[in-house]
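In case you want the letters, here they are:
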Amino acid sequence: DGGITQSPKYLFRKEGQNVTLSCEQNLNHDAMYWYRQDPGQGLRLIYYSQIVNDFQKGDIAEGYSVSREKKESFPLTVTSAQKNPTAFYLCASSITPRSSTDTQYFGPGTRLTVL
Amino acid sequence: GESVGLHLPTLSVQEGDNSIINCAYSNSASDYFIWYKQESGKGPQFIIDIRSNMDKRQGQRVTVLLNKTVKHLSLQIAATQPGDSAVYFCAESPFYNQGGKLIFGQGTELSVKP
């Protein structure tokens, strides 16, 4: 997993609750990303951050929030406003966001289930 | 619109055979492509990448071919092994992409029969 850790591996949430997914990297990468993956589908970008204290919405940001207070950490909060949060969540990082040819490396993922 | 897609959603091969997984892309501005392998319940693992100034790149048992004329990308796996069974994704990055965003295909599931 290239020095990217995600926790917890499995997470269960009751409807109406906010939950926070952790993502940490020790690769000294500037950029970090959050993706959502639904069964049998590809990855969809939720949020990304190019530098500390800065982040941008991806394609499906509604119902999610993030923070980037430290270079190595990029937590994702799934809020009660997210109507269908059950999915596999993947965090990734890359050395720099300023190049179009920069490889992204992924963490092991967190499977979130809403009960 | 922009899209990255795969010709076949599933591929079944015999152990020891060569596998070819295909990917079509529609954004002619893409200049960087990556193949990822994802095993069940795990995060995607980087396999190999290629830049648009190349037609072919080889790794250990894997080769990526890029045909910019028809916007086609393929991943060839030599002597396929049971451990190669996984979902394979292609991803593209346009040259103007300063945010590091990748566009992912839906994936192809490779099943290797012993």
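Above: the structure in question.
Residues numbered from 1 in each chain as written. Chains lettered and ligands numbered in written order. Predicted model: local features only at pLDDT ≥ 70, side-chain atom pairs only at ≥ 80, totals over all residues. Heavy atoms only, no water.

Quick question: what am I supposed to make of the interface of chain B and chain A here?
How big an interface is tends to be stated in terms of the accessible area lost upon association of its parts. Each partner contributes residues to the interface: chain B has 25 residues there, and chain A has 26 residues. Where chain B meets chain A, there are zero salt bridges. Where chain B meets chain A, there are three residue pairs in polar contact (both at pLDDT 80 or more). The element that contributes the greatest number of residues to the side of chain B that touches chain A is strand β4 (residues 30–38) of chain B, accounting for five residues. Of the residues that constitute the side of chain B that touches chain A, the class distribution is ten nonpolar, ten polar and five charged. (Contact = heavy atoms within 4.5 Å. Salt bridge = Lys/Arg side-chain N within 4 Å of Asp/Glu carboxyl O. Polar contact = N/O pair within 3.5 Å; in protein donor to acceptor, adjacent residues only side chain to side chain. Helix = DSSP H or I, 4+ residues; strand = E, 2+ residues; numbered from the N terminus. Nonpolar A, V, L, I, M, F, W, Y, C, P; charged D, E, K, R; others polar.)

Can you help me understand the pattern of salt bridges in this one?
Two side chains bearing opposite charge may form a pair once their charged atoms approach each other closely. Per the stated rule, a full pass over the model turns up eight salt bridges over all chains. Of the charged contacts in the structure, one is a salt bridge between arginine 36 of chain A and aspartate 38 of chain A, with a shortest N-O distance of 3.0 Å. Note on aspartate 38 of chain A: relative accessible area 9%, which makes it buried. Here lysine 42 of chain B and glutamate 39 of chain B are joined by a salt bridge, their closest N and O atoms 3.5 Å apart. Its relative accessible area of 45% is what places lysine 42 of chain B among the partly exposed residues. With a relative accessible area of 27%, glutamate 39 of chain B lands in the partly exposed category. One continuous salt-bridge network, built from bridges that share partners, spans Arg36, Asp38 and Arg44 of chain A. (Buried < 20%, exposed > 50% of the residue type's maximum accessible area, 1.4 Å probe, protein only.)

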